Every structure is written in structure tokens, then in C-alpha cells.
Amino acid sequence: MNPNCIRHWMAFLVFGVSALGQGMVNIHNNFTPQGSSTKAYVIGMDNQPLAKAVGRVEVLDSNGVILKSGGFALPGVFALGIIEIPGTFPGGTGVISLRFWDNSSGSSYDTAMSRTQVQVQLSILGGGTLPPPTLEVAGDFTGAWLATPISTIAHINDIIPSGDSVRIRAIGTLNQQWTLWTTSNWITWNPTGLPQKPFYDPLIGTSVGSLEWVVPSTGDIAFFMVESTP
């Protein structure tokens with residue numbers, strides 16, 4: 001075959017795919033998955049649909065680029081509208097990730113203690129003459145749960161020496177038990193004080209609570225960490 005013909009054919013193919021535009025999908029979860037008795041909710045730490053006031057969602061493409069973000073439309077329900085998926089075409093397939101978090105536990109996905117991420121496979125995308133399908137039709141999303149936090153490490157707010165003792169104030173996820181650990185060399189860690197569960201503080205948020213230990217001071221330089229107890 002003439003090499004020039006091959007180049008022309010390849011150029012035509014690229015132009016033809018490009019002319020179709022990118023594949024599109026209508027991103028919302030206001031549907032009941034097949035075989036389920038409930039909608040494809042995003043469930044919060046209390047095992048209830050995540051509150052509209054604190055629910056946040058981001059859509060990422062296969063390269064981790066954020067395509068769109070927003071809040072919730074209803075408890076446990078997000079609706080971001082029609083989104084183009086880079087690297088796809090109408091009638092084709094694709095992959096996106098949906099990231100959810102409770103913004104009372106952190107202002108972004110990266111800082112939130114209550115969060116989760118779900119990969120979604122897409123097929124028969126819309127675009128061109130094809131109407132954009134919903135997530136129910138094009139994807140395999142069936143819901144998400146924030147009940148298990150990504151991180152098992154709580155955040156220490158204050159370390160306050162006081163005479164022969166040290167007060168440690170921290171925050172941790174509610175409904176979990178936390179242990180305070182200490183070290184002087186970053187190699188050997190030892191538990192100190194008693195394990196405890198956070199107490200609810202409305203000023204902090206709905207998914208995390210306050211922790212506080214008062215432990216004897218060893219007189220040596222010490223470092224502290226708070227970790228969840230199985």
C-alpha cells in the first residue's frame with residue numbers, strides 16, 4: 001500500500017474521531033440500582049445518607065484530573081449534570097473516579113478524615129447524536145460509604161507541658177477508640193494513658209470529636225501520636 005495513502009487514512013481516522021467530540025454522561029445518583037431496595041446513596045459515618053449540608057463530591061478522569069466538583073442536592077444524593085470525559089468518544093467506554101467527603105471533617109478531600117473514593121466503569125457514552133446517558137445507565141456505580149475513614153491517625157492539636165505532666169489534646173473520628181503513643185527516638189513507640197473514644201463537640205463537626213490525655217512527663221524529649229485501636 002502506498003505510504004501516503006496510509007498517512008491520509010490515519011489522518012482521516014483521527015479527524016473523524018475528533019469530529020465526534022468527547023463522550024458524555026449525566027452524573028447523578030438519584031436512582032435505585034438493579035437488585036437493590038434503596039437508592040445509590042452516599043452513606044455517612046452515622047450509616048445514614050450523608051447530609052446535604054456537609055456532602056461534597058468530585059469527578060476525576062483516568063489521569064486524576066478533577067473534571068467537576070460540588071455539593072449534594074439531597075441527603076446522600078449528588079447531581080453534577082452532564083460532563084464530558086476526556087479521551088473518550090460517543091458510544092465508547094471510559095473510567096472516572098468519584099471522590100466523596102464530609103466537609104465537617106475537612107474542607108477538602110485531601111484533608112478530610114471522613115472520605116472515600118470509588119472508581120466507575122462507563123460504557124455507551126453519549127455525545128454527537130447520542131443523548132448523554134445517566135450514571136445508572138452508563139456506569140456501574142451502586143453507592144458509597146464513608147463509615148471507615150481513610151486515615152487511622154487522629155490529629156493532635158495541642159501538647160501542653162504542666163509541671164510533672166503533659167496534656168495532649170486531639171481530635172479523632174467518632175465511634176472509634178483511640179490510643180496515645182509516645183517515643184523519644186521515633187523507633188520504639190509505647191502506649192501511654194488509657195484508650196478512649198472521642199466526645200462529641202458541635203463546634204468541631206458531625207464526624208469527629210475531642211480527645212484529651214494527661215500523662216506523666218518523663219523528663220526526656222518526647223513525641224506523640226494518636227492511633228485507632230482495633
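As shown above, the structure is provided for reference.
First, a word on scope: everything that follows refers to the structure included in this document. (Residues numbered from 1 in each chain as written. Predicted model: local features only at pLDDT ≥ 70, side-chain atom pairs only at ≥ 80, totals over all residues. Heavy atoms only, no water.)

## Some points on the sheet that holds strand β9 (residues 155-162)
Strand order in the open sheet made by the four strands is β9-β10-β14-β13, with antiparallel pairing throughout. The two strands at the open ends of the sheet, each matched to only one other strand, are β9 and β13 (199-200). In terms of strand pairing, β9 meets strand β10 (residues 165-173) through seven bridges, oriented antiparallel. In the strand pairing of β10, D158 is matched with R169. (Pairing = 2+ DSSP bridges. Helix = DSSP H or I, 4+ residues; strand = E, 2+ residues; numbered from the N terminus.)

## A short note on the pattern of salt bridges
If you walk through the whole model with that rule in mind, you get three salt bridges. E58 is the salt-bridge partner of R99, the closest N and O atoms lying 2.7 Å from each other. With R99 in strand β6 (residues 94-102) and E58 in strand β3 (residues 55-60), this residue pair connects regions lying 41 residues apart in the sequence. As far as burial versus exposure is concerned, R99 and E58 are alike and both buried. Among the ionic pairs, R167 bridges to E212, the shortest N-O distance being 3.3 Å. Residue R167 is found in strand β10, and its partner E212 is found in strand β14 (residues 208-216); the two are separated by 45 residues along the sequence. For R167, a relative accessible area of 36% translates into the label partly exposed. (Salt bridge = Lys/Arg side-chain N within 4 Å of Asp/Glu carboxyl O. Buried < 20%, exposed > 50% of the residue type's maximum accessible area, 1.4 Å probe, protein only.)

## A word on the side chain of T116
Of note, T116 is situated in strand β7 (residues 115-122). Apart from residues lying up to four places away in sequence, T116 is in contact with L98, R99, F100, Y109, A144, W145 and L146. (Contact = heavy atoms within 4.5 Å.)

## Considerations on the pairing of strand β5 (residues 77-85)
Pairing of strand β1 (residues 23-28) with β5, which is carried by six bridges, proceeds in the antiparallel orientation. Across the sheet, the residue bridging to G23 is I85, located in β5. With two bridges connecting them, strand β4 (residues 66-74) and β5 associate as antiparallel partners. When the sheet's bridge partners are listed, F72 is paired in β5 with F78.

## Section: the packing of aromatic side chains
Following the criterion strictly, the structure yields five aromatic pairs and no others. An angle of 50° between the planes, with centres 6.3 Å apart, marks the rings of F72 and F78 as tilted. An angle of 70° between the planes, with centres 6.3 Å apart, marks the rings of W101 and Y109 as edge-to-face. Y109 gets classed as buried once you look at its relative accessible area, which sits at 9%. The rings of F72, F78, F100 and F141 are connected pair by pair, giving a single aromatic cluster. When the ring centre of Y109 is taken as reference, the NZ or CZ atom of R115 above it lies at 4.8 Å. (Phe/Tyr/Trp six-rings, centres within 6.5 Å; stacked < 30°, edge-to-face > 60°. Lys NZ or Arg CZ within 6 Å of the ring centre and 35° of its normal.)

## Brief notes about the sheet that holds β4
With antiparallel pairing, six strands are arranged side by side in an open sheet as β1-β5-β4-β3-β6-β7. Only two strands of the sheet have a single partner each, and these edge strands are β1 and β7. Each strand axis lies, on average, 20° off the axis of its neighbour in the sheet, ignoring direction. (Axes fitted to C-alpha atoms, helices over the stretch in contact; angles between N-to-C directions.)

## Brief notes about the nonpolar core
The biggest cluster of nonpolar side chains holds 25 residues, and the ones touching the most others in it are I27, F78, L98, F100, L135 and F141. Elements supplying a minimum of two residues to this core: β1, β3, β5, β6, β7 and α2 (135-138). Top element by residues in this core is β5. It accounts for four residues. Apart from residues no more than four positions distant in its own chain, F78 is found in contact with I27, H28, N29, V42, V57, G71, F72, A73, L98, F100, L135 and F141. (Core = buried A, V, L, I, M, F, W, Y, C linked by side-chain atoms within 4.5 Å.)

## Things to note about unusual backbone geometry
Unusually for a residue other than glycine, I124 sits at a positive phi of about 50°. In this fold, I124 is placed in the loop between β7 and α2. For I124, a relative accessible area of 62% gives the class exposed.

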